[in-house]
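In case you want the letters, here they are:
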Amino acid sequence: RTIESYIADRALISVKGITSQGYLTDINPLEAEVKRAMIRQSERPVLLVDGRKFEQRGSSVIAHVSEVSLVVTADARRPHVEAIEDLGVDVQSL
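This structure is a prediction, so every number in the text was calculated from the model and none was measured.

Scoring rules and cut-offs
- Residues numbered from 1 in each chain as written.
- Predicted model: local features only at pLDDT ≥ 70, side-chain atom pairs only at ≥ 80, totals over all residues.
- Heavy atoms only, no water.
- Helix = DSSP H or I, 4+ residues; strand = E, 2+ residues; numbered from the N terminus.
- Rg over C-alpha atoms; globule rule 2.2 N^0.38 Å.
- Buried < 20%, exposed > 50% of the residue type's maximum accessible area, 1.4 Å probe, protein only.
- Contact = heavy atoms within 4.5 Å.
- Areas by Shrake-Rupley, 256 points an atom, 1.4 Å probe, with all protein chains shown as cover.
- Lys, Arg positive; Asp, Glu negative; His and termini not counted.
- Charge placed at Lys NZ, Arg CZ, Asp CG, Glu CD.
- 1 Å grid on protein atoms, 1.4 Å probe; cavity = no way out; pocket = protein on both sides within 12 Å on 5 of 7 lines; lining within 4 Å.
- Points joined across faces, edges and corners; volume = space filled by probe spheres on them.
- Salt bridge = Lys/Arg side-chain N within 4 Å of Asp/Glu carboxyl O.
- Core = buried A, V, L, I, M, F, W, Y, C linked by side-chain atoms within 4.5 Å.
- Pairing = 2+ DSSP bridges.
- Axes fitted to C-alpha atoms, helices over the stretch in contact; angles between N-to-C directions.

Enquirer: Please explain the overall build of the protein chain as it appears in this structure.
Expert: Scanning the protein chain from terminus to terminus reveals 2 helices and 7 strands. Along the protein chain, helices and strands appear, N-terminal first, in the series β-β-β-α-β-β-β-α-β. Here the protein chain has a C-alpha radius of gyration of 13 Å; the compact-globule value for 94 residues is 12 Å, and the two agree. Along the longest, intermediate and shortest principal axes, the C-alpha atoms of the protein chain span 40 × 25 × 20 Å. Taking all 94 residues of the protein chain together, the buried fraction comes to 43%. Considering only residue pairs separated by 6 or more positions, the protein chain has 61% of its internal contacts joining residues 24 or more positions apart. Accessible surface computed for the protein chain: about 5700 Å², of which carbon and sulfur atoms make up 48%. With 12 positive and 14 negative side-chain charges, the protein chain shows a separation of 4 Å between the mean positions of the two kinds.

The following block contains the structure:
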């Protein structure tokens, strides 16, 4: 069975980094493919990141941050949080 044959109410996703354009990235292309599929197959994909993820990036694009319904973050600088909120994505800071 392929990952597209599964559906989920929620998918909790972590990433290697977020580009300045809002793209979620990972260093492993296979993991990026699974995460991309789970974002598509989930009713409510949730991105879990800490502030360091805004300063890093991987070589494989997963999706744009606007494709997730919620970002849960810790230690993110306010301009990063506001940029995500400006895209219409809910952000919950811990």
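So that's the structure; there's more coming.
Enquirer: Just checking my understanding: could you explain the layout of surface pockets for this structure?
Expert: A probe as big as a water molecule, rolled over the atoms, marks out the empty space that is left. Estimates place the volume of the largest pocket at around 160 Å³. As for the largest pocket, its lining consists of Ile-18, Thr-19, Ser-20, Gln-21, Gly-22, Phe-54, Val-65, His-80, Ala-83, Ile-84 and Leu-87. Here the lining of the largest pocket takes 3 residues from helix H2 (residues 78-86), the largest share from any one element.

Enquirer: What should I look at first to understand the pattern of salt bridges in this one?
Expert: Pairs can form between side chains of opposite charge once their charged atoms are near each other. Scanning the entire structure with this criterion turns up 5 salt bridges. Across the salt bridge formed by Glu-82 and Arg-78, the nearest N and O atoms sit 3.3 Å from each other. In this pair, Glu-82 and Arg-78 both sit in helix H2, 4 residues apart, roughly one turn of the helix. Three or more residues are tied together by salt bridges with common partners; here these are Arg-78, Glu-82 and Glu-85.

Enquirer: How do you make sense of the nonpolar core when you look at a structure like this?
Expert: For soluble globular proteins, the rule of thumb is that nonpolar side chains tend to be buried together. With 21 residues, the main nonpolar core has Val-15, Leu-24, Leu-47, Val-68 and Val-71 as its most contacted residues. Those elements that place two or more of their residues in this core are strand S1 (8-13), helix H1 (29-41), strand S4 (42-50), strand S5 (60-64) and H2. Setting aside residues up to four positions removed in sequence, Val-15 forms contacts with Leu-24, Thr-25, Lys-35, Leu-47, Val-49, Lys-53 and Ile-62.

Enquirer: Would you explain the sheet that holds strand S2 (residues 17-18) in this entry?
Expert: Neighbouring strands of a sheet are bound in pairs by backbone hydrogen bonds; such pairs are parallel or else antiparallel. Taking strand neighbours across the sheet as the criterion, the 3 strands line up as S2-S3-S5 in an open arrangement whose pairing is antiparallel. Two strands in the sheet have a free side with no partner beyond their single neighbour: S2 and S5. Both S2 and strand S3 (residues 23-26) contribute to a ladder of 2 bridges, which runs antiparallel. Each residue of the ladder has a partner; that of Gly-17, found in S3, is Thr-25. Contacting S3 and S5, H1 runs over the sheet at an angle of about 15° to S5.

Interpretation note: all reported values are geometric properties and have no functional meaning in isolation.
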